[in-house]
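# Secondary and tertiary structure notes
If you want the building blocks of each chain, they are given just below.
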Amino acid sequence: MARCALFFDVDLPALDRRLLLRGETSGRTDDNLAVIRKRFATFARTSMPVLAHLERSMAVHRIDGAADIEIVFTAAERALRLGPWGGAAASAADFEFAA
């Protein structure tokens with residue numbers, strides 16, 4: 001059983017921009033604002049209750065996923081080192097990965 005989770009938090013406008021840009025370069029026809037917003041609504045309805053449950057039962061490390069990639073990496077690396085105990089080394093088995 002996992003004892004920690006990582007949650008990469010990104011605001012909706014930033015995700016809109018990322019996915020719309022992806023649609024321009026990937027050729028995906030479903031990367032349009034209407035579909036993106038529907039995906040976000042589904043995510044909020046189905047995944048955020050899971051996050052709330054995890055926050056009640058284990059350490060959840062929230063990481064600003066909108067930051068520069070080096071900062072996100074450093075924050076994730078630090079959270080993995082902190083683990084569920086706020087300083088003790090953690091192994092991969094201590095974590096559940098949520099997006």
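As a convention, each chain's residues are numbered from 1 in the sequence order in which they are written. In keeping with the model being predicted, local features are shown solely for residues with a pLDDT of at least 70 and side-chain atom pairs are shown and tallied solely at 80 or more, while totals for entire chains, interfaces and linings include all residues. Computation of side-chain values: all heavy atoms of the structure, hydrogens and water removed.

### Quick word on the overall build of the protein chain
Test applied: To qualify as a helix, a DSSP run of H or I must reach at least 4 residues; to qualify as a strand, a run of E must reach at least 2; elements of each kind are numbered from the N terminus. Relative accessibility decides the category of a residue: with a 1.4 Å probe and only protein chains considered, values under 20% of the type maximum give buried, values over 50% give exposed, and everything between is partly exposed. By definition, residues are in contact when any of their heavy atoms lie within 4.5 Å. We get accessible surface area from the Shrake-Rupley algorithm with a probe of 1.4 Å; when it comes to residues, only the shown protein chains can shield them.
When you go through the protein chain residue by residue, the secondary structure sums to 3 helices and 3 strands. Start at the N end of the protein chain and walk to the C end: the helices and strands fall as β-α-α-β-α-β. Classification of the 99 residues of the protein chain by burial places 27% in the buried group. By sequence separation, contacts in the protein chain at least 24 residues apart represent 59% of the contacts at least 6 residues apart. Taken as a whole, the protein chain presents about 6600 Å² of accessible surface, with 61% of it coming from carbon and sulfur.

### Looking at the environment of alanine 14
You can see alanine 14 is positioned in helix H1 (residues 12-26). For alanine 14, a relative accessible area of 8% puts it in the buried group.

### Notes on the pattern of salt bridges
Under the convention used in this document: Definition used for salt bridges: Asp or Glu carboxyl oxygen within 4 Å of a side-chain nitrogen of Lys or Arg.
Going through the model one piece at a time under the given rule, you end up with 9 salt bridges. Put simply, glutamate 77 and arginine 81 hold a salt bridge, and the shortest N to O gap is 3.3 Å. One end of the pair, glutamate 77, and the other, arginine 81, are both in helix H3 (residues 69-82), 4 residues apart, so they sit about a helical turn from each other. We classify arginine 81 as exposed; its relative accessible area is 52%.

### Quick look at the nonpolar core
Threshold: Only buried residues count toward a nonpolar core. Its members are Ala, Val, Leu, Ile, Met, Phe, Trp, Tyr and Cys residues joined through side-chain atoms within 4.5 Å.
Among the nonpolar cores identified, the biggest contains 7 residues, and these are Ala2, Ala5, Phe7, Leu51, Leu54, Met58 and Val60. Where this core is concerned, the elements lending two or more residues are strand S1 (4-9) and helix H2 (33-57). Of all hydrophobic cores here, the second largest spans 6 residues; its members include Leu6, Ile63, Val72 and Ala76.

### Thoughts on H3
Our working rule: An expected span of 1.5 Å times one less than the residue number is assigned to each helix. The reported arc concerns the directions from the helix axis to the C-beta atoms and nothing else.
Between its first and last C-alpha, H3 extends 20 Å over 14 residues, near the 20 Å set by a 1.5 Å rise per residue. Val72, Ala76 and Ala79 are the residues of H3 that are buried. Take H3 and look down its axis: the buried residues cluster within an arc of 60 degrees, on one side only. For H3, the exposed residues lying more than 90 degrees away from the buried face are Glu70, Ile71, Phe73, Arg78 and Arg81. Among the residues trailing H3, glycine 83 stands out with phi positive, at a value near 60 degrees.

By themselves, these observations are geometric and do not establish any function.
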